[in-house]
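# Working through the structure, step by step
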Amino acid sequence: HTPHANTMAMAMSALRLASGFGLRATAARSAVRATPTRAFTVRAAVASAEPTVVKREDVITGDADNNVTDHIFEKMGYALHKRPDHPLGIIKAVIGDYFDEKFGKGEFATFDDMYPIVTAHANFDSVLVPPDHVSRSANDTYYVNKDTVLRCHTSAHQAEMLKDGARKFLVTGDVYRRDSIDATHFPVFHQMEGVRVFEAKEWEDAGVDAVDLASAELKETLEGLATHLFGDVETRWVDAYFPFTEPSYELEIFFKGEWLEVLGCGVMEMKILEDAGLGDKRAWAFGLGLERLAMVLFDVPDIRLFWSDDKRFTKQFKEGMFRAGGVGMQKFKPYSKYPPCLKDVSFWLPKENPESFTENNLCEVVRDVAGSLVEEVKLIDEFENKKKGLTSNCFRITYRSMERSLTDEEINALQDKVREDMVAKLGVELR
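Reference entry: report on the structure contained in this document. (Residues numbered from 1 in each chain as written. Predicted model: local features only at pLDDT ≥ 70, side-chain atom pairs only at ≥ 80, totals over all residues. Heavy atoms only, no water.)

### Description of the overall build of the chain
Of the regular secondary structure elements, the chain holds 13 helices and 14 strands. Out of the 431 residues belonging to the chain, those deemed buried represent 55%. As displayed, the chain has an accessible area near 18400 Å², and 51% of this comes from carbon and sulfur atoms. (Helix = DSSP H or I, 4+ residues; strand = E, 2+ residues; numbered from the N terminus. Buried < 20%, exposed > 50% of the residue type's maximum accessible area, 1.4 Å probe, protein only. Areas by Shrake-Rupley, 256 points an atom, 1.4 Å probe, with all protein chains shown as cover.)

### A word on the packing of helix H4 (residues 87-103) against helix H8 (residues 210-230)
Where H4 meets H8, the closest approach of the two axes is 10 Å, and the angle between their N-to-C directions is 130°. As judged from the angle between their axes, H4 and H8 are oblique. When you trace H4 past H8, the crossing you get is right-handed. Contact with H4, carried on its side by Val94, Ile95, Tyr98, Phe99, Glu101, Lys102 and Phe103, involves Glu217, Glu220, Thr221, Gly224, Leu225, His228 and Leu229 of H8 and no other residues of that element. Considered class by class, the residues forming the contact of H4 with H8 number 7 nonpolar, 3 polar and 4 charged. (Axes fitted to C-alpha atoms, helices over the stretch in contact; angles between N-to-C directions. Parallel < 35°, antiparallel > 145°, perpendicular 65-115°, else oblique. Left-handed = near helix turned anticlockwise from the far one by under 90°. Contact = heavy atoms within 4.5 Å. Nonpolar A, V, L, I, M, F, W, Y, C, P; charged D, E, K, R; others polar.)

### Things to note about the sheet that holds strand S3 (residues 143-145)
In sheet architecture, strand pairing relies on hydrogen bonds along the backbone and comes in two forms, parallel and antiparallel. The 3 strands lie next to each other as S2-S4-S3, forming an open sheet whose pairing is antiparallel. The sheet terminates laterally at strand S2 (117-119) and S3, the two strands that pair on one side only. The average undirected angle you get between the axes of adjacent strands in this sheet is 35°. For S2 and strand S4 (residues 148-150), the ladder comprises 3 bridges, and the chain directions are antiparallel. What sits directly across from Thr119, in S4, is Thr148. (Pairing = 2+ DSSP bridges.)

### Here we look at the sheet that holds strand S12 (residues 374-385)
Reading across the sheet, the 4 strands line up as S12-S13-S11-S14 and stay open at both edges, with antiparallel pairing between neighbours. Of all the strands in the sheet, the pair left with one neighbour each is S12 and strand S14 (429-430). Relative to strand S13 (residues 390-399), S12 is paired through 10 bridges, and the arrangement is antiparallel. Considered in S13, the bridge of Glu376 is made with Thr398.

### Looking at unusual backbone geometry
Looking along the chain, the bond that leaves Glu246 and enters Pro247 is cis, with omega of 0°. Tracing the backbone through its elements, the reader meets Pro247 in strand S8 (residues 245-255). The phi torsion at Lys256 lies on the positive side, around 50°, for a residue other than glycine. Turning to its location among the elements, Lys256 is positioned in the loop between S8 and strand S9 (258-268). Residue class for Lys256 comes out exposed when judged on its relative accessible area of 56%. In this structure, Asp299 is a non-glycine residue whose phi angle is positive, near 60°. Counting through the fold element by element, Asp299 comes out in the loop between helix H10 (290-298) and helix H11 (311-314).

### Let's talk about the nonpolar core
Core analysis: the largest hydrophobic core is formed by 70 residues, its most contacted members being Val59, Ile95, Leu150, Phe230, Phe298 and Phe306. Broken down by element, this core gets its largest block of residues, 9 residues, from H8. The contacts of Phe230, once residues within four sequence positions are left out, are Ile253, Phe255, Val262, Leu293, Val296, Leu297, Ala324 and Gly325. (Core = buried A, V, L, I, M, F, W, Y, C linked by side-chain atoms within 4.5 Å.)

### Section: H10
Since the α-helix packs 3.6 residues into each turn, any two residues three or four apart lie on the same face. Across the 9 residues of H10, 9 count as buried, placing the element largely inside the fold. Buried residues of H10: Leu290, Glu291, Arg292, Leu293, Ala294, Met295, Val296, Leu297 and Phe298, and no others.

### Quick look at the environment of Met161
Its place among the elements puts Met161 in helix H6 (residues 158-163). Taking the C-alpha atoms as reference, Met161 lies 9.7 Å from Val195; in sequence the two are 34 residues apart.

### Thoughts on the packing of aromatic side chains
Within the structure shown, the criterion is met by 22 aromatic pairs. The interplanar angle of 10° and the centroid separation of 5.9 Å between the aromatic rings of Phe99 and Phe103 together place this pair among those described as stacked. Here Phe99 pairs with Phe103, and both are found in helix H4, just 4 residues apart, close to one helical turn. Looking at Phe99, the relative accessible area reads 1%, which means it is buried. The interplanar angle of 75° and the centroid separation of 5.8 Å between the aromatic rings of Trp348 and Phe383 together place this pair among those described as edge-to-face. You can see Trp348 sitting in strand S11 (residues 341-348) and its partner Phe383 sitting in strand S12, a full 35 residues away along the chain. The exposure class assigned to Phe383 is partly exposed, which follows from its relative accessible area of 32%. Taken together, Tyr98, Phe99, Phe103, Phe108, Trp284 and Phe286 form an aromatic cluster joined through their ring pairs. Over the ring of Trp348 we find Arg431; its NZ or CZ atom is 4.9 Å from the centre of that ring. (Phe/Tyr/Trp six-rings, centres within 6.5 Å; stacked < 30°, edge-to-face > 60°. Lys NZ or Arg CZ within 6 Å of the ring centre and 35° of its normal.)

Encoded structure:
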């Protein structure tokens, strides 16, 4: 881990946490064709947590580029954002209410069941992600095959929606990114994207430049959303970079004594509008992560809890319970902190090609074995043996259930399987 790599990783992590909008400074079977994604609808059962509609063979294939695991497939179709009593469903509804109040009921069309398997073109090219962008790598993105991915962001639907005639819309959905394992990162999370298109008449009547009009309305709208969510808070705008907007901004709020990044946004790049046949118009767009907001507003300490069916978690949340800034609102009450179990694993990186080992790949191996029982995977030691020409890493894996105490036997069995898979899949040599 060079200092540069660590700085980059921190920057990526900060951006990913801050906003569903940015790909980190970035990151089906061949029968899943480049059909417009709207042709599919995922009808997820709200009452039960059974994955529906997306079949295993749609996402886990024998294709050489396929890197989707069963742990990821099992999360597809849960549609947490469509459950009215779930923290993510509550936050989604609160944001939807704000847009209804500000612009008029139904002015912003809402979409929350877009099919999560999209073409690589829709996910990257249609929103101007450069060909050499790190987010395109198999280290960051789940590929079904070389032309098809699990969407990394809700922006994957932007071009299609614009071509279909949508001019003001909110898209919410589950998104997928290979990532590190800790309390704030999970490979499946939920985003909401908003887009609003302006006609030439609007900026001509206002007597202002199109970009100035779009920027001003965007900022005013999102400052209002921050107040709607967090109460009377101080806000500030930070210039940012996203491939699909220019100018681009991040909104930060001062909440509970610290500055928090809330979302990313900007004025849509003209090329996206031109490609949709809307070259005479301008638009703004924003994106945010629902987990990020729900963790802060409900005091949820670990992102894995959102996937829990434990009644001690689910019974704490009810539709309509939200209060701005959480003032006078019941927050999450931890029901128990079960003890962690720490396991260290030391190994030599592959001699021929040490760069082939990545932390994300290790995290995928661990997740595929232990699922949501793994709380954190952390590099704790690294050294180079010059004589052998080898680099050694030691990672600490923290296992902890959110719902019960784990036994030594089950943890040892999981760790043995992790060690075995590290050798088989990552080519490392255990020490």
